[in-house]
Amino acid sequence: MPFTLIPRVAATLLACVLGATDAARAADTAVFEPATGTLRLPTLQLDAGDRYRDVVVRLIDPGQLRVGDPTVGAELQFMTAGSVLLLPQVVIGTATYPRVTLTRPGLELLGVGGLIGPPSAADASVPGAITTPFPTLENITVEWAFAGDANRNAVVGVRYRAQGSSTWLTGMPLRRIHNETSGQGRTWPLRHSGSIFDVAPGTTYEIELMLTDPDGGSTVRTTTATTRSVPTPAPGALVKPATPATLASVLAGANAGDIVELGSGRYSGFSVARSGAPGRPLVIRGTPGAVVEGEISVFNQRHVMLTEMTLNGRVRFNGSNDFSMTRSTVNATTALGGHGIITFTRTENAYIADNTVTGTVVWSEAALGASGSNAGEGILITGPGHVVMNNRVARFRDNISLLEDDEAVDQYSIDILNNDISEAADDGVEADFCMHNCRILRNRLTNVFIALSSQPGLGGPTYFVRNVVYNAVHVAFKLYRSSHGDVLLHNTVVKNGDALGIYAGATVGRLYARNNLFIGGPGGTYAGYSSGTGRVLSIADLDTASADLDYNAYGSTVGNVSGHWGATSFAGLAELRARTTDRAAVQVGMDSFAAVPVFPGAPLTLYTVPDLRLQPGSAAVDAGQAIPNISQGFQGRAPDAGAYELGQAPPVYGPR
């Protein structure tokens, strides 16, 4: 290979030169190892000709270095004219740097894997349309349709910034969603899909997507998306007082932007048959002493807000878009099915936040499971764009849920965030039939039969991120009915039985997991369901060819590390690392937590919510892998495994 070998000053390291540069996108990535001066290139194209794989060089001198060079394309490339090395992305430790050029560098060739043959036309990507459907308050869905890429090696890196800002931030790479059919006959289209997390409400973002396909079709595209604002009453809204005797007439005369304020007293259930408008919702607001008995119905309206209400009954908002319910107390009743805040038909862009919603279920073994003595959905939604956040939900069959099977309609771009969930007789969060980009983030689930359900995920991605699970009687993750595309990041689980047990009876496809902490122990059988025997990992139905789990922390109070990875068994941490993809796994115990909690070995007990923050020196500290847009701000050499980063305050769970 005609590299120019220029023996210059060996003491200059690329890391020192790049140290203050902003991190950027994931793309065709070079990795620099400062300790050895080694630069690893997964591919390298010479001029516009031959391409080589697995090229390793020693950087003797960086030559003239430039970061953020707009002439750098999507390929790792060496231009012999002028001796220029073009690197779309360079990783040094946990930092990432974009569009780097080295002009007349000193390079020593250490190795090359071989010549890459000419690409097949079917292997090249053909980019299609980019969409950002239903941005929520804090997260943005990004989808990029494409054809081709038959050899499945294209990747899409993501950068984003608030419009007007000069600082680009790195997003998680989009996930490749394969055009395939699940074991239960469900299909989904080919595309790249993913989310940008934790952005600001009411803000326009510029999004840059970099498609890299070594076989052709590489390109950079940009788009914009605007997040929704938090719904609030209109400034200077007209307040219309109401009493139990006058409420019907006041509602009949209400207009967009009005606030109907319920005075003290007991109200029968009522219907809202008027709409608000963008920026001017029709608000029904409670006051101390105002109690509604029965159902509040909001059918086929727009921009209606219920706030500061006390309700003994349920709310139904069938067919109503841009519905909001905030800062309210809902006590479900058996007369109304034990439901809380629900819609049984497609709606868009609901905002359900800061409520306390309590059901009728009594925590007992007889209540547990799909066939148990239980009733009611705490918060039930279907349709796109919903935000369910900072609610306290307890004592339902399913505490927060989506619809299933033929009733599920357009269940994508949905946020379930920061909720405090307990005493769920079946599922704590039932994200079943998520079509893509459902984001279950930072929820705390205590004393639940099943914590988090994806039964099934329809290709994904379905994100479960930084959730804390304590005392899940049966399983922490129910990825059943041939679920595909589930993404598990930075979750903490402490439960009886198998730490991560998934007993699907059908293929678990394309499971991706990073930086989780799972602890199990002796198990049992409850309501006819086994929780396992204390294995750290047990997924007999895992499609191991498509699974990618790594950098997770595992433990069991039975004292050993054993389990099943598909049809493969392992015993001990060394075998777990050798026989699974989890080569960076670590072993942890209950002493990993600073305030060592009681192990929930008697799961029918109503345990007090524990503090599951890490102990300094735990094997989980610095055990994770840096994940753009997810693990930023970590304290040590790498992110910690589990939901909590050492030294950082936990999030607010439940009403703010």
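Not measured: the values here are computed from a predicted model.

(A) Region of the structure containing the overall build of the protein. On a plain count of helices and strands, the protein comes out with three helices and 53 strands. By the compact-globule yardstick of 26 Å for 656 residues, the protein fits well, its C-alpha radius of gyration being 27 Å. Expressed as lengths along the three principal axes of its C-alpha atoms, the size of the protein is roughly 90 × 55 × 45 Å. Here the protein holds 656 residues, and 59% of them are scored as buried. Taking the intrachain contacts of the protein between residues at least 6 apart in sequence as the baseline, contacts between residues at least 24 apart amount to 67%.

(B) Quick peek at the layout of surface pockets. In this structure, the second largest pocket spans a volume of roughly 340 Å³. If you go around the second largest pocket, you meet 20 residues; those closest to its centre are Arg-442, Arg-466, Ile-630, Ala-643 and Gln-648. Across the lining of the second largest pocket, the residue classes tally to 11 nonpolar, five polar and four charged.

(C) Fine view of the pattern of salt bridges. Summed over the entire model, instances satisfying the criterion amount to 34 salt bridges. The salt bridge partner of Arg-316 is Glu-295, with a shortest N-O separation of 2.9 Å. Note that Arg-316 is positioned in strand E26 (residues 310-316) and Glu-295 in strand E24 (residues 290-298), a separation of 21 residues in sequence. The same class applies to Arg-316 as to Glu-295, namely buried. Residues Asp-548 and Arg-514 are paired through a salt bridge, measuring 3.0 Å at the closest nitrogen-oxygen approach. On the criterion of sequence distance, the pair formed by Asp-548 in strand E49 (residues 548-550) and Arg-514 in strand E44 (residues 512-514) is long-range, its members being 34 residues apart. Looking at Asp-548, the relative accessible area reads 28%, which means it is partly exposed. Judged by its relative accessible area of 7%, Arg-514 falls in the buried class.

(D) How the structure looks around the packing of aromatic side chains. Applying the stated rule across the entire model yields eight aromatic pairs. With a centroid separation of 5.0 Å and an interplanar angle of 90 degrees, the aromatic rings of Phe-197 and Tyr-463 are classed as edge-to-face. On the criterion of sequence distance, the pair formed by Phe-197 in the loop between strand E17 (191-196) and strand E18 (204-212) and Tyr-463 in strand E39 (residues 458-465) is long-range, its members being 266 residues apart. Note on accessibility: Phe-197 and Tyr-463 belong to one class, buried. Seen in terms of ring centroids, Phe-464 and Phe-477 are 5.7 Å apart; in terms of plane orientation they differ by 80 degrees. Their pairing is edge-to-face. On the criterion of sequence distance, the pair formed by Phe-464 in strand E39 and Phe-477 in strand E40 (residues 468-478) is long-range, its members being 13 residues apart. For the pair formed by Phe-464 and Phe-477, the shared burial category is buried. Over the face of the ring belonging to Tyr-512 we find Arg-175, whose NZ or CZ atom lies 4.5 Å from the ring centre.

(E) Main features of empty space enclosed by the protein. Considering all chains together, one arrives at one cavity of 30 Å³ or more under this definition. When its volume is computed, the largest cavity comes out at roughly 40 Å³. Around the largest cavity, the lining residues are Arg-175, Arg-176, Ile-177, Gly-459, Gly-460, Pro-461, Gly-485 and Arg-510. Listing elements by their share of the lining of the largest cavity, those giving two or more residues are strand E14 (175-177) and E39. When grouped by side-chain class, the residues that make up the lining of the largest cavity number two nonpolar, three polar and three charged.

(F) Local environment of the sheet that holds strand E11 (residues 140-148). Across the sheet, which stays open at both edges, the four strands sit in the order E10-E11-E17-E14 with antiparallel pairing between neighbours. At either end of the open sheet lies a strand with only one pairing partner, and these are strand E10 (125-131) and E14. Each strand of the sheet is rotated relative to its neighbour by a mean of 25 degrees, with strand direction disregarded. Alignment of E10 against E11, held across five bridges, turns out to be antiparallel. Along E11, the bridge assignment pairs Val-126 with Ala-147.

(G) Quick look at the sheet that holds strand E52 (residues 568-571). Reading across from one edge, E43-E48-E51-E52 is the order of the four strands in this open sheet, with mixed pairing throughout. Every other strand in the sheet has two partners, leaving strand E43 (500-501) and E52 as the edge strands with one partner each. Relative to strand E48 (residues 537-539), E43 runs parallel, the two being bridged by two bridges. Within E48, the position partnered with Gly-501 by the bridge is Ser-538.

(H) Broad picture of the environment of Gln-615. Along the chain, Gln-615 turns up in the segment after strand E53 (586-587). Sequence-wise, Gln-615 and Ala-594 are 21 residues apart; in three dimensions their C-alpha atoms are separated by 4.0 Å. Those residues within four positions of Gln-615 in sequence are excluded, and the remaining contacts are Asp-591, Ser-592, Phe-593, Ala-594, Val-621 and Leu-646.

(I) Here's a closer look at the pairing of E52. With four bridges connecting them, strand E51 (residues 562-565) and E52 associate as antiparallel partners. Bridging across to E52, Trp-565 finds its partner in Thr-568.

(J) Highlighting the side chain of Ser-546. Among the secondary structure elements, Ser-546 is positioned in the loop between E48 and E49. Within polar-contact distance, the side chain of Ser-546 engages the backbone nitrogen of Arg-510 at 2.9 Å. Once you skip the residues sitting within four places of it in the chain, Ser-546 turns out to touch Gly-509, Arg-510 and Leu-511.

(K) Representation of the environment of Gly-509. Mapped onto the elements of the fold, Gly-509 is located in the loop between E43 and E44. Note: C-alpha distance between Gly-509 and Gly-183 (326 residues apart in sequence) is 9.5 Å.

(L) Molecular detail of unusual backbone geometry. In this chain, Gln-455 is followed by Pro-456 through a cis amide linkage whose omega measures -5 degrees. With respect to the helices and strands, Pro-456 occurs in the loop between strand E38 (444-453) and E39. In this chain, Gly-460 is followed by Pro-461 through a cis amide linkage whose omega measures 0 degrees. Mapped onto the elements, Pro-461 comes out in strand E39. Non-glycine residue Arg-104 carries a positive phi angle of around 55 degrees. Tracing the chain through its elements places Arg-104 in the loop between strand E7 (95-103) and strand E8 (106-111).

(M) Spotlight on the nonpolar core. Ranked by internal contacts, the top residues of the largest apolar core, which has 87 residues, are Val-260, Leu-262, Ile-284 and Phe-477. Contacts of Leu-262, omitting those with residues within four sequence positions, involve Ala-242, Leu-247, Tyr-267, Ile-284, Arg-285, Gly-286, Thr-287, Ala-290, Val-292 and Met-309. The next biggest cluster of nonpolar side chains, apart from the first, holds 21 residues, and it includes Ala-553, Val-586, Tyr-607 and Tyr-644.

(N) Spatial organisation of the side chain of Thr-307. Structurally, Thr-307 is set in strand E25 (residues 304-307). Look at Thr-307 and you get buried, because its relative accessible area is 6%. A polar side-chain atom of Thr-307 sits 2.9 Å from a polar atom in the side chain of Thr-326.

So, how was this worked out
Within every chain, residues take consecutive numbers counted from 1 along the sequence as written. With pLDDT at 70 or above as the cut-off, local features in this predicted model cover only qualifying residues; side-chain atom pairs require 80 or more to be listed or tallied, and sums for whole chains, interfaces and linings still use all residues. Side-chain calculation: all heavy atoms of the structure are included, whereas hydrogens and water are not. Think of it this way: any DSSP run of H or I at least four residues long counts as a helix, any run of E at least two long counts as a strand, and we number them from the N terminus. C-alpha atoms define the radius of gyration, and 2.2 Å times the number of residues to the power 0.38 defines the globule rule. Here the term buried applies to any residue with accessible area under 20% of the maximum for its type, exposed to any over 50%, and partly exposed to those in between, with areas from a 1.4 Å probe on protein chains only. Throughout, a contact is declared for two residues whenever any of their heavy atoms are within 4.5 Å. Only protein atoms enter the 1 Å grid used here. Points where a 1.4 Å probe fits but cannot escape make up a cavity, open sets with protein on both sides within 12 Å along at least five of seven lines make up a pocket, and a residue lines them when an atom lies within 4 Å of a point. Grid points are joined across faces, edges and corners, and a volume is the space filled by probe spheres set on the points. Under the grouping applied here, Gly and all other residues not named as nonpolar or charged are polar, the nonpolar ones being Ala, Val, Leu, Ile, Met, Phe, Trp, Tyr, Cys and Pro and the charged ones Asp, Glu, Lys and Arg. We count a salt bridge whenever a side-chain nitrogen from Lys or Arg sits within 4 Å of a carboxyl oxygen from Asp or Glu. Side-chain rings of Phe, Tyr and Trp (the six-membered ring for Trp) are treated as a pair once their centres are within 6.5 Å; stacked means planes under 30 degrees apart, edge-to-face means over 60, and tilted covers the remaining angles. Counted as over-ring charges are cases with an Arg CZ or a Lys NZ within 6 Å of the ring centre that also lie within 35 degrees of the ring normal. DSSP bridges decide pairing: two strands pair if at least two such bridges lie between them. Angles run from 0 to 180 degrees between N-to-C directions of axes, and those axes are lines fitted to C-alpha atoms, restricted for helices to the stretch in contact. We define a polar contact as two N or O atoms separated by no more than 3.5 Å, with the added condition that, inside protein, one atom must be a possible hydrogen donor and the other a possible acceptor, whereas residues neighbouring each other in sequence contribute only through side-chain atom pairs. Here, nonpolar core refers to any group of buried Ala, Val, Leu, Ile, Met, Phe, Trp, Tyr and Cys residues whose side-chain atoms link them within 4.5 Å.

Limitation: the analysis is restricted to geometry and does not speak to function.
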